[in-house]
Amino acid sequence: MSRDGSSAVRTKRMEVEVEDCGQVYLMDRGDYEAADGSSDSQTHAPGLMRSEGRGLASLNIATQWGDIPFTVTAADRDPGADLDGYEDIGEMSFDAPSGEVFLVGWLMDWDDEKAHDLSPLLSGSGTYRLRYHIRGIDEERCWVDDHYLQIWPAPLHGPAVLKTTDEAFRHLLKPEF
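Criteria and cut-off values
- Residues numbered from 1 in each chain as written.
- Predicted model: local features only at pLDDT ≥ 70, side-chain atom pairs only at ≥ 80, totals over all residues.
- Heavy atoms only, no water.
- Helix = DSSP H or I, 4+ residues; strand = E, 2+ residues; numbered from the N terminus.
- Contact = heavy atoms within 4.5 Å.
- Areas by Shrake-Rupley, 256 points an atom, 1.4 Å probe, with all protein chains shown as cover.
- Buried < 20%, exposed > 50% of the residue type's maximum accessible area, 1.4 Å probe, protein only.
- Pairing = 2+ DSSP bridges.
- Core = buried A, V, L, I, M, F, W, Y, C linked by side-chain atoms within 4.5 Å.
- pLDDT = per-residue confidence, 0-100.
- Salt bridge = Lys/Arg side-chain N within 4 Å of Asp/Glu carboxyl O.
- Polar contact = N/O pair within 3.5 Å; in protein donor to acceptor, adjacent residues only side chain to side chain.

Bringing the overall build of the protein chain into the picture now. From N to C terminus, the protein chain includes 1 helix and 13 strands. Seen in sequence order, the protein chain has helices and strands lined up from the N terminus as β-β-β-β-β-β-β-β-β-β-β-β-β-α. Taking the intrachain contacts of the protein chain between residues at least 6 apart in sequence as the baseline, contacts between residues at least 24 apart amount to 79%. Accessible surface for the protein chain amounts to roughly 8,800 Å². Of this, 49% is attributable to carbon and sulfur atoms.

What follows deals with the pairing of strand E6 (residues 56–60). For E6, the buried fraction is high: 4 of the 5 residues fall into the buried class. With 4 bridges joining them, strand E5 (residues 49–54) and E6 adopt antiparallel strand pairing. Following the sheet pairing, Ser51 is matched in E6 by Ala57. Hairpin connection from E5 to E6: 1 residue lie between these consecutive antiparallel strands, with Gly55 at a positive phi of about 75°.

To continue, consider the nonpolar core. Within the largest apolar cluster, 26 residues are counted, with the highest numbers of intra-cluster contacts made by Leu26, Phe70, Leu130, Tyr132, Leu149 and Ile151. Elements with a contribution of two residues or more to this core: strand E1 (9–18), strand E2 (23–28), E6, strand E7 (66–75), strand E8 (88–96), strand E9 (101–104), strand E11 (126–134) and strand E12 (147–153). Non-local contacts of Leu26, meaning those with residues more than four positions away in its chain, are made with Gly55, Leu56, Ala57, Leu59, Phe94, Val101, Phe102, Leu103, Leu118, Leu130, Leu149 and Ile151. Counting 6 residues, the second-largest nonpolar core is a separate cluster that includes Met27, Leu56, Phe102 and Ala115.

Most of E11 is tucked away: 7 of the 9 residues are buried. Note that E8 and E11 share 9 bridges and pair antiparallel. Each residue of the ladder has a partner; that of Met92, found in E11, is Leu130. Across 7 bridges, E11 lies against E12 in antiparallel orientation. From the neighbouring strand, Tyr128 faces E12, where its bridge partner is Pro153.

What follows is about the confidence of the model for the protein chain. Per-residue pLDDT for the protein chain averages 76, and the proportion of residues at 70 or more is 64%. Of all helices and strands in the protein chain, the one with the weakest mean pLDDT is strand E4 (residues 44–45) (53), whereas E11 scores best (93). Within the model, pLDDT remains below 50 along residues 36–43, and this stretch shows 15 contacts once partners closer than five positions in the same chain are excluded.

Bringing the pattern of salt bridges into the picture now. Within this structure, the stated rule accounts for 8 salt bridges. Residue Glu100 pairs with Arg29 through a salt bridge whose shortest N-O separation is 2.7 Å. Pair noted here: Glu100 is in the loop between E8 and E9 and Arg29 is in the loop between E2 and strand E3 (33–34), with a separation of 71 residues, a long-range link. Classification of Arg29 by relative accessible area gives partly exposed; the value is 46%. The shortest N-O distance in the salt bridge between Arg29 and Asp117 comes to 3.7 Å.

Turning our attention to the environment of Ser51. Relative to the assigned elements, Ser51 resides in strand E5. A polar atom in the side chain of Ser51 sits 3.3 Å from the backbone nitrogen of Gly53.

Below, the structure is given as structure tokens:
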């Protein structure tokens with residue numbers, strides 16, 4: 001929080017290079033640990049994003065490859081969901097052991113130029129809430145502002161689906177997935 005009592009907010013727009021996977025990853029610089037494949041209901045937002053382990057989360061996007069416009073806002077408190085501007089919105093908890101995170105596409109070999117540094121998170125290491133806004137899934141499009149991620153410090157709590165309108169997203173919410 002700033003001296004005048006207002007919220008601290010930092011927004012970054014970027015192009016994330018994706019290579020045939022339909023996902024981008026939020027990755028802690030330090031101590032991330034890949035999951036063992038088990039499902040943890042506290043850290044999965046069905047259909048939109050998934051915890052891949054401590055300090056590692058995957059976010060589904062509308063296309064399989066290319067340069068994907070992405071916007072990320074890091075705040076010191078809940079910045080509020082944009083319920084009118086997006087078709088599908090989900091939330092989940094995220095553990096950031098170092099508080100230094102990157103947004104990356106599918107990178108078989110690490111490339112610093114393709115990793116988007118979002119560090120440091122405004123509250124350092126700890127547990128955060130991720131809220132992922134997306135639109136254009138059914139059209140498989142990736143226009144500017146179609147993918148928007150918010151990050152703020154919050155205690156661990158279960159995932160939530162705040163809004164769903166796209167058929168593809170509703171399909172992913174069915175129990176067999």
